[in-house]
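Each chain is listed here by its residues.
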Amino acid sequence: MSQYCPPRSSKQNPSRRSFLRATLVAASLASTNLAAGCKGGGDDEDTRPLQDGAAYFPQSVLSGDPRPDSVIVWTRLEDPELAEDDAEVTLELASDAEFMTLVELEGGTSTPVPARAMYDRCVKAKVRGLEPATTYYYRFIHSRDDGRYVSPVGRTRTAPAVGADAKLRFAVVSCQDFNGRYYNGYARMAAEELDFFIHLGDYIYETTGDPSFQKTTGRVATFTDKAGAIVFNEGTDKEYFAAQSLSNYRELYRIYRSDPALRKVHETVPMICTWDDHEFTDDAHQDYATYYDGRKDEKSSERRRFANQAWFEYMPVDFQEEDFEYDPTAPFPGDIQIYRDFVFGKHMRLVMTDLRSYRTDHLIPEDAYPGAVVLTEAELQAELGELPADASEYVDIDTYAGGAYKAALVAGAAELDFDPAKIAGNIDVAYINSSLAKLGGGAPEPIVDLAGLERGYAYRHLGKLSTHASIGSRYLVIKDTFDLWARVNYKKSGGKSQDAMGPEQQAWFLDKMKGAEETWKIWGNEYCLVPLVIDLTA
């Protein structure tokens, strides 16, 4: 716990500087308890004049997670002379942009904050003991033999007191791809008077120009550590990379914060953020990627931890666990917990969730065999009380016709780009026949005698028309049949087939929402909670 340390003597004229008391309880990425040190403000204080030190703070400054009595402030120190050594910077807080009225930190006018090499010398400090609904200014100082160098000045603001009848102005942003795009929205935001802004994820994009959805002209993010990255289309004019190493992920944050509009907003408005998929990998669930649509196992706990560590280092987040320090050896998902909530006066409760770390896989696997039956005749009758008109015939391919059709499809699996192991059990007859037609000569005759065959739905009825594809899996499904199948699966699994939060987060979320008494309960989450429905009947 913190302790009060009376101010030491100062060479500065008290009539020019009044000292407001605040406490820095948890500082830096290591969440060091600085209150016991009572440092700063003594007769041995370094009084050399401040010089422009923007070069030593290349990502400038930012703040986040404002509460009525605290805020997180952030910077990153870069000095080639430090090599791999740990360092220390000095934090100053003031009630004015000219730093004429300093806020007392740890019994003095400033306090040291570690910049540890193991965390890329990112500096995070939680400043406690602040006044609610108050604007503060902060800066960091890097002391060298040749002088003292100061960071750009940051402006932040605390939340209104709990129960206060306060008005709020805030913005909501997401999905800020750097490749081929420019942050005109941030340039507009910088002109607004905002209390804070909410970032709903995709703060970075892990790829450097995926032509399937990213622009490949204009400015681009590039990796210094290309050997540590995942390469696609290697050696072609369409070559691009995806972050894989810790160095890759860190570099993306540095590149994105080179944008002047983004930096301006960060320097003047505190942020509250969560992550989406691209902070790790496109269409992520847990520690799985989806680049190859089921052609290979893309689970990578190490890559996920690298992504999480970089996010921890570069984002101004107030974690629920006091004195939290990221442990790179901790197993995912226990390495980090980012869901948390905020209260802004009597009118707003903001609940930020994590819908990527604990969620189940997409309901339709990317490598699902389109002909595999997912709802049998008995299941359709039980759920609907009747058999839908568009249900189609299926057979047990293992036993039908003595296994002749299975043998033919297994033999042609490579040509048809199927996994032969998936050609088993109940298979849709129409899909069997269409596959046989693609194989040509030597294949058995199509199944034409449909009398007496049971009818059901296969993956193709849900929109999955080819294997190893995102279409019909995580993108663009057929609504009515998909909804039916999802409902049946939800019942059969006891809800586990569609678990986005995990049990602990869900219990926490429901407790926060049900217990909130504020006028507005706002949920900050990463993806749409309603479908985009496209009418293609015409």
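The following paragraphs examine the structure supplied in this document. (Residues numbered from 1 in each chain as written. Predicted model: local features only at pLDDT ≥ 70, side-chain atom pairs only at ≥ 80, totals over all residues. Heavy atoms only, no water.)

This part covers the nonpolar core. Within the largest apolar cluster, 47 residues are counted, with the highest numbers of intra-cluster contacts made by Tyr186, Phe197, Tyr256, Trp311 and Ile336. Elements with a minimum of two residues in this core: strand 12 (170-173), helix 1 (184-189), helix 2 (246-256), helix 3 (260-268), strand 16 (271-273) and helix 4 (301-314). Of all the elements, helix 2 adds the most residues to this core, at six residues. Residues within four places of Trp311 in sequence aside, it is in contact with Tyr253, Cys273, Thr274, Trp275, Glu279, Val317, Phe319, Ile336 and Ile338. Ile364, Tyr405, Val429 and Phe482 belong to the second-largest nonpolar core, a separate cluster that totals 33 residues. (Core = buried A, V, L, I, M, F, W, Y, C linked by side-chain atoms within 4.5 Å. Buried < 20%, exposed > 50% of the residue type's maximum accessible area, 1.4 Å probe, protein only. Helix = DSSP H or I, 4+ residues; strand = E, 2+ residues; numbered from the N terminus. Contact = heavy atoms within 4.5 Å.)

Before going further, it helps to spend a moment on the pattern of salt bridges. In this structure the tally under the stated criterion is 34 salt bridges. Salt bridges linked by common partners bring Arg76, Glu78, Asp120 and Arg254 together as one network. (Salt bridge = Lys/Arg side-chain N within 4 Å of Asp/Glu carboxyl O.)

The next subject is the side chain of Arg340. Note that Arg340 resides in strand 17 (residues 340-344). For Arg340, a relative accessible area of 2% gives the class buried. For Arg340, the side chain forms a polar contact with the side chain of Asp65, separated by 2.8 Å. At 2.7 Å, the side chain of Arg340 and the backbone oxygen of Ile338 are in polar contact. When residues no more than four places from it in sequence are discounted, the contact partners of Arg340 are Asp65, Ile272, Cys273, Val317, Asp318, Gln320, Leu350, Val351, Met352 and Trp508. (Polar contact = N/O pair within 3.5 Å; in protein donor to acceptor, adjacent residues only side chain to side chain.)

Turning our eyes to something else, we now look at the sheet that holds strand 20 (residues 392-396). Spatially, four strands are ordered 19-22-20-21 in an open sheet, and the strand pairing comes out antiparallel. The sheet is open, and its two edges are formed by strand 19 (373-375) and strand 21 (426-428), each paired on a single side. Within the sheet, the average angular offset between the axes of one strand and its neighbour, ignoring direction, is 65 degrees. Of the strands in this sheet, strand 20 and strand 21 are in contact with helix 8 (residues 429-439), which crosses strand 21 at around 65 degrees. (Pairing = 2+ DSSP bridges. Axes fitted to C-alpha atoms, helices over the stretch in contact; angles between N-to-C directions.)

By the element assignment, Thr537 lies in the segment after strand 23 (520-524). Of the polar contacts made by the side chain of Thr537, one reaches the side chain of Asp535; its length is 2.6 Å.

Moving on, we get to the packing of helix 5 (residues 377-384) against helix 9 (residues 479-493). The interhelical angle for the contact between helix 5 and helix 9, taken along N-to-C directions, is 90 degrees, at an axis separation of 11 Å. With respect to helix 9, the element helix 5 is oriented roughly perpendicular. When helix 5 is examined against helix 9, the residues Glu379, Leu380, Glu383 and Leu384 are found in contact with a partner set consisting of Leu484, Arg487, Val488, Lys491 and Lys492. Of the residues belonging to the contact of helix 5 with helix 9, the class tally is four nonpolar, no polar and five charged. (Parallel < 35°, antiparallel > 145°, perpendicular 65-115°, else oblique. Nonpolar A, V, L, I, M, F, W, Y, C, P; charged D, E, K, R; others polar.)

The next point concerns helix 9. In this model, helix 9 (15 residues) spans 21 Å end to end at C-alpha, consistent with the 21 Å of a helix rising 1.5 Å per residue. Among all positions of helix 9, only Thr481, Phe482, Leu484, Trp485, Ala486 and Val488 are buried. A positive phi of about 65 degrees marks Gly494, the residue just after helix 9. (Expected span 1.5 Å × (residues − 1).)

The geometry of an aromatic ring pair is captured by two quantities: the separation of the ring centres and the angle between the planes. According to the stated counting rule, one finds 29 aromatic pairs in the structure shown. Where Tyr119 meets Phe312, the ring centres are 5.7 Å apart and the plane angle is 70 degrees; that geometry is what we call edge-to-face. Of this pair, Tyr119 sits in the loop between strand 7 (111-115) and strand 8 (122-128) while Phe312 sits in helix 4, placing them 193 residues apart in sequence. An identical accessibility class is assigned to Tyr119 and Phe312; each is buried. Pairing Phe232 with Tyr291 gives two aromatic rings, centres 5.0 Å apart and planes at 65 degrees, and the pair type is edge-to-face. (Phe/Tyr/Trp six-rings, centres within 6.5 Å; stacked < 30°, edge-to-face > 60°.)

Read from one edge of the open sheet, three strands run 17-18-23, paired in mixed fashion. Two strands lie at the open edges of the sheet, namely strand 17 and strand 23, each paired on one side alone. Recorded for the sheet is a direction-independent mean angle of 15 degrees between the axes of neighbouring strands. Packing of helix 10 (residues 503-515) onto the sheet brings it into contact with strand 17, strand 18 (348-352) and strand 23, and relative to strand 18 it is tilted by some 175 degrees.

Here the focus is helix 3. Among the residues making up helix 3, those that are buried are Ala261, Leu262, Val265, His266, Glu267 and Thr268. By the N-cap criterion, in which a side-chain oxygen at the helix start approaches the backbone nitrogen of a residue two or three places on, helix 3 is capped by Asp259, the distance to Ala261 being 3.0 Å.

Attention shifts here to the packing of helix 2 against helix 4. Orientation of helix 2 relative to helix 4, taken along the N-to-C sense of each, is 35 degrees, at an axis distance of 8 Å. Between helix 2 and helix 4 the crossing geometry is right-handed. Here Leu246, Tyr249, Arg250, Tyr253 and Arg254 of helix 2 come into contact with helix 4, specifically with Arg303, Phe306, Ala307, Gln309, Ala310, Trp311, Glu313 and Tyr314. For the contact of helix 2 with helix 4, the per-class residue count stands at eight nonpolar, one polar and four charged. (Left-handed = near helix turned anticlockwise from the far one by under 90°.)

Inspection of the sheet shows strand 20 paired to strand 22 (residues 455-458) by two bridges, in the antiparallel sense. For Ser392, the partnering residue across the bridge sits in strand 22 and is Gly456. Bridging between strand 20 and strand 21 involves three bridges; their strand directions are antiparallel. If you follow Tyr394 over to strand 21, its bridge partner there is Asp428.

It is worth spelling out unusual backbone geometry at this point. Each neighbour pair has its own omega, and for Phe332 with Pro333 the value is 5 degrees, a cis peptide bond. Relative to the assigned elements, Pro333 resides in the loop between helix 4 and strand 17. If you check the backbone angles, Asp120 has positive phi at about 60 degrees while not being a glycine. Positionally, Asp120 belongs in the loop between strand 7 and strand 8. Its identity as a non-glycine residue notwithstanding, Ala133 has a phi of 50 degrees, on the positive side. Its place among the elements puts Ala133 in the loop between strand 8 and strand 9 (135-144).

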